[in-house]
Amino acid sequence: MKSKRRWKSILTLLRRALSFRKGTAKIGIYGPPNAGKTTLTNRIIHTFVDENEDVGTATEVPHETRRAVRRAGVTIDLKAKSLENPNSDLNSESEVKPKRGKAKLKLDVVDTPGLATKIDFHEFMAYGLEEDEAKRRAKEATEGVIEAIKWLDDIDGIVLLMDSTEDPYTQTNIVIIGNMEARGIPIIIAANKVDLVDASPQRIANAFPQHSVIPISALKGENMLDLYEEMARRFR
Amino acid sequence: MEIKMNLISEDKINSMTSTEKLRFVLDGVKSGDIVVLEGGLTSEEQMKLIELTMTEVDDDFSGIEMSGYPSKKGFLNIRKKTRLTVIGPAKMMHTTKKDKDLISAIISAI
Ligand SMILES: Nc1nc2c(ncn2[C@@H]2O[C@H](COP(=O)(O)OP(=O)(O)OP(=O)(O)O)[C@@H](O)[C@H]2O)c(=O)[nH]1
Ligand SMILES: [Mg+2]
């Protein structure tokens, strides 16, 4: 049984390595609730597509996103005009480094619901929702988690977003990484919310030493170019 | 105020199919037990367990708490050796500390 599964995953790796992808690469933005996935996805769209377009709403309430949303045809262009605007995305400290490979890459970006092993409707009541509403939201949130997991089957790469102020070594993070490794899907870890004083992107790098960890602030737009360069390099 | 723990041997786990394993774990956890699996679950099985759990969350069952050691690379880095996994009801179990080789959890009766 075990060896059968091993062969299957080796075959999957081979198939991925040899086959031409059907259409554009689909990149999933994954992570625990409230990590900033929707904030990041919106920022990517604002920078490369349309500054007035949002894929979803970002709030401090966990499980705000309860359906995966795909934005097709996003061209990550490292020479984009908007990246040159100091007020938008370019981190003032980060120099434009020599590019590895081409500077343009077309992707579909998928904002996913936060992954969790538990959903307690009482948690939503603490945010002021009525009991009925809280229970409905909890139900939708469970469906959202299932949808995020199902989407993994159609994903060609993921950005795993973590909140740098929180302990990164959670079972859900470990499980996502383990699954991506088993499927041979490229993964970039983004250590978000580095604008906060108690942020520790180093703790994330220490927890997952075998992966590239890019510190960013999706909210403030800090260090975004580093992330885009890494995406352009890993997801082509 | 009693808490039951089920410590499952690797032999017993290996005798079950993936579906049986997940059902066995979730049934135990839903009846309020702490389930410890020698040899543990693979990442794929853990993801499936999260999925299965989500289909069964309701007003009384809020989900699971799961902790495990990451798998070790085995022969030629191909074969992965999974290690211990512990799963309990989210209402009762709370992981306080976790790293590669140590898990601390607080377990309280509801
Ligand atoms: N300080 C700070 N806050 C951030 C950053 N990114 C996101 N946030 C905030 O974190 C909260 C959650 O952001 P979302 O983008 O909704 O997070 P999400 O991962 O999509 O959450 P779910 O959809 O609920 O899983 C919001 O209040 C955001 O404003 C950041 O870089 N820095
Ligand atoms: Mg969201």
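Please refer to the structure placed before this passage.
Now for a quick tour of the structure. The model shown is predicted, which means the values in this text are computed figures rather than measured ones.

**Points about the overall build of chain A**
1) Next: In terms of regular secondary structure, chain A is built from eight helices and six strands.
2) Next: Each helix and strand of chain A, placed in order from N terminus to C terminus, yields the pattern α-β-α-β-α-β-α-α-β-α-β-α-β-α.
3) Next: A burial count over chain A gives 48% of its 236 residues as buried.
4) Next: Excluding contacts between residues fewer than 6 apart, the proportion of contacts in chain A whose partners are at least 24 apart in sequence is 80%.
5) Next: Accessible surface computed for chain A: about 11600 Å², of which carbon and sulfur atoms make up 50%.

**Considering the interface of chain A and chain B**
1) Next: Across the contact, 26 residues belong to chain A and 29 residues belong to chain B.
2) Next: In this assembly, chain A packs against chain B so that about 2500 Å² is buried in total across both faces, 59% of it on carbon and sulfur atoms.
3) Next: When the area that chain A buries against chain B is broken down by residue, the three leading residues are T117(A), Y169(A) and Q171(A), summing to 25%.
4) Next: Our enumeration of links across chain A and chain B arrives at three salt bridges.
5) Next: Here K135(A) ties to D59(B) by a salt bridge, and the two come within 3.1 Å at their closest N and O atoms.
6) Next: Here chain A is connected to chain B by eight residue pairs in polar contact (both at pLDDT 80 or more).
7) Next: Elements supplying a minimum of two residues to the side of chain A that touches chain B: helix 1 (2-18), helix 5 (131-151) and helix 6 (171-183) of chain A.
8) Next: A per-element tally of the side of chain A that touches chain B places helix 6 of chain A first, with nine residues.

Thresholds applied
All chains use their own residue numbering, which begins from 1 and follows the written sequence. Whichever chain is written first becomes A and whichever ligand is written first becomes 1, with later ones labelled in order. Per-residue local features of the predicted model are confined to residues with pLDDT of at least 70, and side-chain atom pairs are confined, for both listing and counting, to 80 or more; whole-chain, interface and lining totals are unaffected and use all residues. To get the side-chain values, all heavy atoms of the structure are used, and hydrogens and water are removed first. Helix numbering and strand numbering both begin at the N terminus, where a helix is a DSSP run of H or I of at least 4 residues and a strand a DSSP run of E of at least 2. Here the term buried applies to any residue with accessible area under 20% of the maximum for its type, exposed to any over 50%, and partly exposed to those in between, with areas from a 1.4 Å probe on protein chains only. Two residues qualify as a contact provided that any one of their heavy atoms is within 4.5 Å of a heavy atom in the partner residue. A 1.4 Å probe and the Shrake-Rupley method give the accessible areas. Residues count as covered only by the protein chains that appear here. Once two parts are brought into contact, the accessible area they lose, counted with a 1.4 Å probe and summed over both, makes up the buried area. Every case where a carboxyl oxygen of Asp or Glu lies within 4 Å of a side-chain nitrogen of Lys or Arg is listed as a salt bridge. N or O atoms within 3.5 Å of each other form a polar contact, as long as, within protein, one can give a hydrogen and the other can take it, and as long as residues adjacent in sequence are counted only when both atoms are side-chain atoms.

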